[in-house]
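Tertiary structure, described
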Amino acid sequence: MTASLLSVEQMDRAAIERVLDRSESFAEVSGREIKKVPALRGRTVVNLFYEASTRTRSSFELAAIRLSADVVNIHQTGSSIEKGESLRDTVQTLSAYDPSAIVIRSPQAGAAALAARFTDAAVVNAGDGKHAHPTQALLDVFTLRRRLGSLDGVNVWIVGDVRHSRVARSDVTAFTRMGAKVTLAGPPTLLPREIETLGATVTPRLDGIAEADAIYVLRMQNERMHESFVPSLREYARYYQINADRVRPGQLVMHPGPVNRGVEISAEVIDSKQSLIGEQVRAGVAVRMAVLYELLVGTPPLATDGEEVSR
Ligand code: CP
């Protein structure tokens, strides 16, 4: 059975640290003139994207190429998904090429777990609905650990549209497993009650945000909002936008992208020296190389012990 990465919940601290340490070596490879290693030569990686993506799709493709794998990219537009081919039939069809890994993004929660039932390939969840985005969480932890050395005792505030955010769910788990203290802040309508079970402090107010070592800003996910959760984006920005008045010197600012400039975060903060957004994007390639490597050729195989992984 090939291990899959469906959720960061599957990973204990040792497994996360193993991926982060491997990412460091692949970050070094990415800094070379020839940014390629032969680790996955002869292997095939399929990127199956049912939802729009710039960062995740391009970095998974680059990661597989830099590991010397053969890469096939399938997007909803222009594929037989448009003719109504089901997820099961699509995964089984692509599995006929004997891929080592299928990377999948879908607007449906649970799509990656479903895909894993119909293939012998390792499945990597590249974001499924509001459920999980494990490689985003790993690259976020990697970026912050690189900057701070360790996350033990670090105070992270995650601010904004928690309700619709798979990143928030995965990040709370990853940051807390690495020893950070996480606070979730946003309008009460965007803070679902069950989020407290993940082990974060939850608050509708930004009064204490000066305590944060890092502020992680979430995108307002208008495409996932089927009713109005805030009176207007202008009102939201007035009370919750992360701007120069709300960021103190020394704090670091993160965002998974894409940003809504002037809504959840101001342009000056995005472009400031305190912003780690560019570093997050860069880390995406090294971290996704590490995930593919550890799942496919790591010894012993990466422990992904959650229920979701078994087939
Ligand atoms: N952060 C993130 O998942 O970005 P993309 O949607 O561009 O992949």
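As the structure is a computational prediction, the values presented were derived from the model and not from experiment.

Brief notes about the domain arrangement of the chain
Looking at the chain, the domain boundaries give domain 1 (8–132 + 283–296) and domain 2 (134–280). A straight line from the C-alpha centre of domain 1 to that of domain 2 covers 25 Å. Both faces considered, domain 1 and domain 2 share a buried interface measuring about 2600 Å² in area, 57% of it formed by carbon and sulfur atoms. Looking only at domain 1, the three residues that lose the most surface to domain 2 are Val8, Arg13 and Lys130, adding up to 25% of its buried area. Scanning the region where domain 1 abuts domain 2 turns up 4 salt bridges. The salt bridge involving aspartate 21 is made with arginine 145; its shortest N-O contact spans 2.9 Å. Remark: the boundary between domain 1 and domain 2 carries 13 residue pairs in polar contact (both at pLDDT 80 or more). When residues of the side of domain 1 that touches domain 2 are traced back to their parent elements, those giving at least two are α1 (13–30), α2 (55–66), β3 (101–106), β4 (122–128) and α9 (277–296). Per-element accounting of the side of domain 1 that touches domain 2 gives the leading share, 9 residues, to α1. Here the residues of the side of domain 1 that touches domain 2 sort into 13 nonpolar, 8 polar and 11 charged.

A word on the packing of aromatic side chains
Applying the stated rule across the entire model yields 2 aromatic pairs. With a centroid separation of 5.6 Å and 65° between ring planes, the pair formed by phenylalanine 26 and tyrosine 293 is classed as edge-to-face. Linking phenylalanine 26 in helix α1 with tyrosine 293 in helix α9, this pair joins segments that are 267 residues apart in sequence. As far as the burial class goes, phenylalanine 26 and tyrosine 293 line up, both buried.

Some thoughts on the packing of α1 against helix α5 (residues 134–148)
Working note: a packed helix pair is described by the angle between its axes plus the distance between those axes. At a minimum axis distance of 10 Å, the contact between α1 and α5 shows a crossing angle of 70°. In terms of orientation, α1 and α5 fall into the roughly perpendicular class. The handedness of the crossing between α1 and α5 comes out as right-handed. Contacts between α1 and α5 involve Ile16, Glu17, Val19, Leu20, Asp21, Ser23, Glu24 and Ala27 from the former and Leu138, Val141, Phe142, Arg145 and Arg146 from the latter.

Some points on the site of the ligand
As a structural note, the neighbourhood of the ligand is formed by Ser53, Thr54, Arg55, Thr56, Arg105, His133, Gln136, Pro256 and Gly257. Contacts to the ligand include threonine 54, whose backbone N or O atom sits 2.8 Å from an oxygen atom. Separating a nitrogen atom of the ligand from a side-chain N or O atom of glutamine 136 is a distance of 3.0 Å. Calculation on the ligand without its partners gives an accessible area of 260 Å², and the protein chains cover 91% of this total. Judged by its atoms lying within 2 Å of the grid points, the ligand is housed in the largest pocket.

Concerning the layout of surface pockets
The computed volume of the largest pocket comes to approximately 370 Å³. Taken together, 20 residues line the largest pocket, and the ones lying closest to its centre are Arg105, Arg166, Arg219, Gly257 and Pro258. Elements with a contribution of two residues or more to the lining of the largest pocket: α2 and α6 (166–177). Classifying every residue of the lining of the largest pocket gives 5 nonpolar, 8 polar and 7 charged. Here the lining of the largest pocket gathers at least three residues from each of two domains, domain 1 (8–132 + 283–296) and domain 2 (134–280).

The rules we used
Residues numbered from 1 in each chain as written. Predicted model: local features only at pLDDT ≥ 70, side-chain atom pairs only at ≥ 80, totals over all residues. Heavy atoms only, no water. Domains from an automatic or database assignment. Buried area = accessible area lost by both parts, 1.4 Å probe. Salt bridge = Lys/Arg side-chain N within 4 Å of Asp/Glu carboxyl O. Polar contact = N/O pair within 3.5 Å; in protein donor to acceptor, adjacent residues only side chain to side chain. Helix = DSSP H or I, 4+ residues; strand = E, 2+ residues; numbered from the N terminus. Nonpolar A, V, L, I, M, F, W, Y, C, P; charged D, E, K, R; others polar. Phe/Tyr/Trp six-rings, centres within 6.5 Å; stacked < 30°, edge-to-face > 60°. Buried < 20%, exposed > 50% of the residue type's maximum accessible area, 1.4 Å probe, protein only. Axes fitted to C-alpha atoms, helices over the stretch in contact; angles between N-to-C directions. Parallel < 35°, antiparallel > 145°, perpendicular 65-115°, else oblique. Left-handed = near helix turned anticlockwise from the far one by under 90°. Contact = heavy atoms within 4.5 Å. Near = heavy atom within 4 Å. Areas by Shrake-Rupley, 256 points an atom, 1.4 Å probe, with all protein chains shown as cover. 1 Å grid on protein atoms, 1.4 Å probe; cavity = no way out; pocket = protein on both sides within 12 Å on 5 of 7 lines; lining within 4 Å. Sits in = over half its atoms within 2 Å of the grid points. Points joined across faces, edges and corners; volume = space filled by probe spheres on them.

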